[in-house]
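Examining the three-dimensional arrangement
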Amino acid sequence: MQSILYQWQLSRQNPFKIEHQIIPPGFENRICDMHAAVHLGILFRGELGVLHEPYDLFLTGSWEVHGDLASAPGAELVLLTVLPEAVLGGVIGNPEPVRQLLYLPSLRRRELFCTPEIRQILRDFCAANRDMTAADDPVSRQRLWLKIIALFCDIAGAVQQDGTVAVQQKFLRLQPVFAHLAELKDLPLTAVKAAQMCCMSESYFSHLFREFTGMSFSCYELTFRLNGAVAELHSRPGVGIKQIAAEWGFCDSSHFSKVCKRHFGVTPSGYLGK
């Protein structure tokens, strides 16, 4: 069993990736993803998910389930993917405002980001870095990385000025579970075992997990395994569906097929045929 690309091939030496994306009209992607890296997306035009106005922002949390997006008119955006610990390590002075930003519960982020002040920060950043996707030499990438860190600091400062964001560090208590899932062993993982890893009662763990991910742990864990198994259908073409299903904690290929059909509307064999 191979690991999913949780870090987007990012490291302390290569802490970010930047992409200019053109989303065609009628776009639809119902497959979700989750990883340790964080996405920061800036909309230029069109609509995508909850983004409707130019310079609307979305920020995924570390290990947050994301994807499942659609766009009727199409969209244009820039997507920054960064390692959260690298961003924090690059902050000069107190990193706590940025830490609060990176680990906000998903519902709180959606409420706070699409504001005129945030849009102006993003507009200024994009205007000052029109050729950011072309930065490929070490010096240019280092300069851009420092500007990206400054962007996170500016957004964190603007959010804090609202006076509505309290310190959010409880997320860190959930990290043992995410680290365990990333190791791709002992699957499936129950909520009881997950709570024990975090030294919490099951009820408090379930409450905290839903607060930060927007879904129950059982739903998250199943989505994690299902997406991992589906990814390996393509990355390991010589391995049978039965073996992949077993490695990812499904009872048998029939169980895997039923779950895949329920979530994606297609069976594993049908998915391979697409």
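This report concerns the structure included in the present document. (Residues numbered from 1 in each chain as written. Predicted model: local features only at pLDDT ≥ 70, side-chain atom pairs only at ≥ 80, totals over all residues. Heavy atoms only, no water.)

Structural notes on the overall build of the protein
In terms of regular secondary structure, the protein is built from twelve helices and six strands. Rg of the C-alpha trace for the protein: 19 Å, near the compact-globule value of 19 Å for 274 residues, within the 12% margin. Here the C-alpha coordinates of the protein stretch approximately 55 × 45 × 35 Å along the principal axes. The proportion of buried residues among the 274 residues of the protein is 47%. Carbon and sulfur atoms make up 53% of the accessible area of the protein, which amounts to about 13,100 Å² in all. Each charge class in the protein was averaged separately, 26 positive and 27 negative side chains, and the resulting centres sit 4 Å apart. (Helix = DSSP H or I, 4+ residues; strand = E, 2+ residues; numbered from the N terminus. Rg over C-alpha atoms; globule rule 2.2 N^0.38 Å. Buried < 20%, exposed > 50% of the residue type's maximum accessible area, 1.4 Å probe, protein only. Areas by Shrake-Rupley, 256 points an atom, 1.4 Å probe, with all protein chains shown as cover. Lys, Arg positive; Asp, Glu negative; His and termini not counted. Charge placed at Lys NZ, Arg CZ, Asp CG, Glu CD.)

Some details on the nonpolar core
In this structure, Leu40, Ile148, Phe152, Ile155, Phe205, Tyr220 and Phe250 are the most contacted members of the largest nonpolar core, which totals 82 residues. With ten residues, helix 5 (residues 138-161) is the single largest residue contributor to this core. Sequence-distant contacts of Phe250, defined by excluding residues within four places in its chain, comprise Leu222, Arg225, Leu226, Ala229, Ala245, His255, Phe256 and Val259. Counting residues in each nonpolar core, the second largest holds six residues, with Leu43, Leu48, Leu51 and Leu77 among its members. (Core = buried A, V, L, I, M, F, W, Y, C linked by side-chain atoms within 4.5 Å. Contact = heavy atoms within 4.5 Å.)

A short note on helix 4 (residues 116-128)
Residues separated by three or four positions in an α-helix point in the same direction, a consequence of the helix having 3.6 residues per turn. Between its first and last C-alpha atoms helix 4 spans 18 Å; for 13 residues at 1.5 Å apiece the expected length is 18 Å, and the two agree. Looking only at helix 4, the buried set comprises Ile118, Arg119, Ile121, Leu122, Phe125 and Cys126. Down the axis, helix 4 shows its buried residues gathered within 160 degrees of arc, on one side only. Along helix 4, exposed side chains directed more than 90 degrees from the buried face belong to Pro116 and Ala128. (Expected span 1.5 Å × (residues − 1). Arc of directions from axis to C-beta.)

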